[in-house]
Amino acid sequence: MGKVKRLYDSVRWRKARIWWLNSHPLCVMCLQQGRDTAATVIDHIIPHNDDYEKFWDSNNWQSLCASCHSGVKQMQELHGYSQAAGVDGQPIDKNHPWNRGRGGQNLYSSGDD
């Protein structure tokens, strides 16, 4: 992680982080669960795996709170789906086993999307 650690410690990253979090101040995972939580972390949606281009691709960034980044997101990467649930208790990830066999239907949405 030496090369990537240097990227996270760079002035460019610190400036990009401030800009991103000012532009996207709320945790996207908390929002999906009906909560407004301040984001403190820029997460790479698809892990960059030391790929410089993926690291700097802001289309691959999302704002997360520290709790979601270290908990929900890590579980998502481990299992291949998010275990987060909406306000009704239903899994919000269409890839969650609960939603499999339902055509990938996200039970949290109204179906009118």
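The structure under discussion appears in the preceding block.
The rules we used
- Residues numbered from 1 in each chain as written.
- Predicted model: local features only at pLDDT ≥ 70, side-chain atom pairs only at ≥ 80, totals over all residues.
- Heavy atoms only, no water.
- Phe/Tyr/Trp six-rings, centres within 6.5 Å; stacked < 30°, edge-to-face > 60°.
- Helix = DSSP H or I, 4+ residues; strand = E, 2+ residues; numbered from the N terminus.
- Buried < 20%, exposed > 50% of the residue type's maximum accessible area, 1.4 Å probe, protein only.
- Lys NZ or Arg CZ within 6 Å of the ring centre and 35° of its normal.
- Contact = heavy atoms within 4.5 Å.
- Polar contact = N/O pair within 3.5 Å; in protein donor to acceptor, adjacent residues only side chain to side chain.

Take the packing of aromatic side chains next. The tally for this structure, following the rule as stated, stands at 9 aromatic pairs. When the ring of Trp 20 is compared with that of Trp 61, the centres are 5.4 Å apart and the planes differ by 85°; the resulting orientation is edge-to-face. With Trp 20 in helix α2 (residues 11-23) and Trp 61 in strand β2 (residues 61-64), this residue pair connects regions lying 41 residues apart in the sequence. The residues Trp 20 and Trp 61 share a single accessibility class, namely buried. Taken together, the aromatic side chains of Tyr 8, Trp 13, Trp 19, Trp 20, Tyr 52, Phe 55, Trp 56 and Trp 61 make up a single cluster linked through ring pairs. One Lys or Arg, Arg 12, reaches over the ring of Trp 56 and ends 3.8 Å from the middle of that ring.

What follows is about the environment of Ser 63. Within the secondary structure layout, Ser 63 lies in strand β2. Taking the relative accessible area as the measure of exposure, Ser 63 reaches 1% and is therefore buried. Between the C-alpha atom of Ser 63 and that of Asp 43, which follows or precedes it by 20 residues, the distance is 6.1 Å. Each residue touching Ser 63, except ones within four places of it in the same chain, is listed here: Trp 20, Leu 21, His 24, Leu 26, Cys 27, Val 28, Ala 39 and Val 41. There is a polar contact of 2.8 Å between the side chain of Ser 63 and the side chain of Trp 20.

Nothing here speaks to function; it is geometry throughout.
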